[in-house]
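What the coordinates show
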Amino acid sequence: MDTIEKLTEIFKEFPGIGERQAKRFVYFLMSKNDSYAENFLLLIKDLKKEISQCSMCFRFFIPTPKRVGTPTVNVGVCEICKDKTLDSSQLMIIEKDSDLESVRKSKVYHGKYFVLGGLVPIVEKNTKSRIRINELKDKIKKDAKNGLEEIILAFSLSPQGDHTDFYIRNELKEITDSFNIKISSLGRGLSTGTELEYSDNDTIKNALKNRQ
Ligand SMILES: [Zn+2]
């Protein structure tokens, strides 16, 4: 495999990118000068260096630099989980970081989040290795003691999203029953096949309002 092919393979792994687009990226990079490539590399390295994963909701975030003399409480916890003005009686479970950003930007939901890290494929033997189900259970048990009342499942409307919804409800049943926590799913305001990530504010608002 030559360098063009190797890079093409890497771009093909990016979400939503096929072979032809991957090749176009490679040819685009070839047309750029050395400093463009160096800056590109540097930014990727910085991203990996600066990024942190929240120990509570598992989203990726760039921590704000600590000021000298400030106490180092909640290291590794993101600004959403730290935000006391948000409603901690609601926990929205979403597939990935980009979904979380869409819901957050819509400003219609004011509760907390949990990033599952993927969806459950319909044919899958080793589900636990693909999504953070154990981490989710631990979090709910902890949050239940801090006023959690409702869990909102917010997966995309696809067979895999539906399957994940079903799977999570089943897995959480024992905990939600024993702590008397309501579990709901986003309403069908989202049309079939719609990804949360690409939904507009009104769609998210309706889906939230019509949750069941
Ligand atoms: Zn967090």
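Presented here is a report on the structure given in the accompanying data block. (Residues numbered from 1 in each chain as written. Predicted model: local features only at pLDDT ≥ 70, side-chain atom pairs only at ≥ 80, totals over all residues. Heavy atoms only, no water.)

A cluster of nonpolar side chains, Phe-28, Tyr-36, Phe-40 and Ile-44, forms an exposed patch at the surface whose accessible area comes to about 350 Å². When residues in the nonpolar patch are grouped by element, the largest group, three residues, is from helix 3 (residues 34-50). Mapped onto the elements, Phe-28 comes out in helix 2 (residues 19-31). Take Phe-28: its relative accessible area is 42%, and that puts it in the partly exposed class. (Patch = residues over 30% accessible without salt bridge, like charges linked within 9 Å, V, L, I, M, F, W, Y side chains within 5 Å. Areas by Shrake-Rupley, 256 points an atom, 1.4 Å probe, with all protein chains shown as cover. Salt bridge = Lys/Arg side-chain N within 4 Å of Asp/Glu carboxyl O. Helix = DSSP H or I, 4+ residues; strand = E, 2+ residues; numbered from the N terminus. Buried < 20%, exposed > 50% of the residue type's maximum accessible area, 1.4 Å probe, protein only.)

Our next topic: the coordination of the zinc ion. Binding of the zinc ion to the protein goes through Cys-54 (SG), Cys-57 (SG), Cys-78 (SG) and Cys-81 (SG), at separations of 2.3 Å. Bound by four donor atoms, the zinc ion shows angles of 106 to 114 degrees at the metal and therefore tetrahedral coordination geometry. Read from N- to C-terminus, the donor residues coordinating the zinc ion fall into the pattern C-x2-C-x20-C-x2-C. When its relative accessible area of 0% is taken as the criterion, Cys-78 is described as buried. In this structure Cys-81 comes out as buried when scored by relative accessible area, which is 13%. (Donors = N, O, S within 2.8 Å, 3.2 Å for Na, K, Ca; no water. Tetrahedral: all angles 85-135°; square planar, octahedral: opposite > 155°, others 65-115°.)

Moving on, we get to the packing of helix 6 (residues 133-144) against helix 7 (residues 159-179). Look at helix 6 against helix 7: their axes get within 11 Å of each other, and the N-to-C directions meet at 25 degrees. In terms of their interaxial angle, helix 6 and helix 7 are classed as roughly parallel. When the axes of helix 6 and helix 7 are compared, the crossing they make is right-handed. In this structure, helix 6 uses Ile-133, Leu-136, Lys-137, Ile-140, Lys-141 and Ala-144 to contact helix 7, whose residues at the interface are Tyr-167, Ile-168, Glu-171, Leu-172, Ile-175 and Phe-179. (Axes fitted to C-alpha atoms, helices over the stretch in contact; angles between N-to-C directions. Parallel < 35°, antiparallel > 145°, perpendicular 65-115°, else oblique. Left-handed = near helix turned anticlockwise from the far one by under 90°. Contact = heavy atoms within 4.5 Å.)

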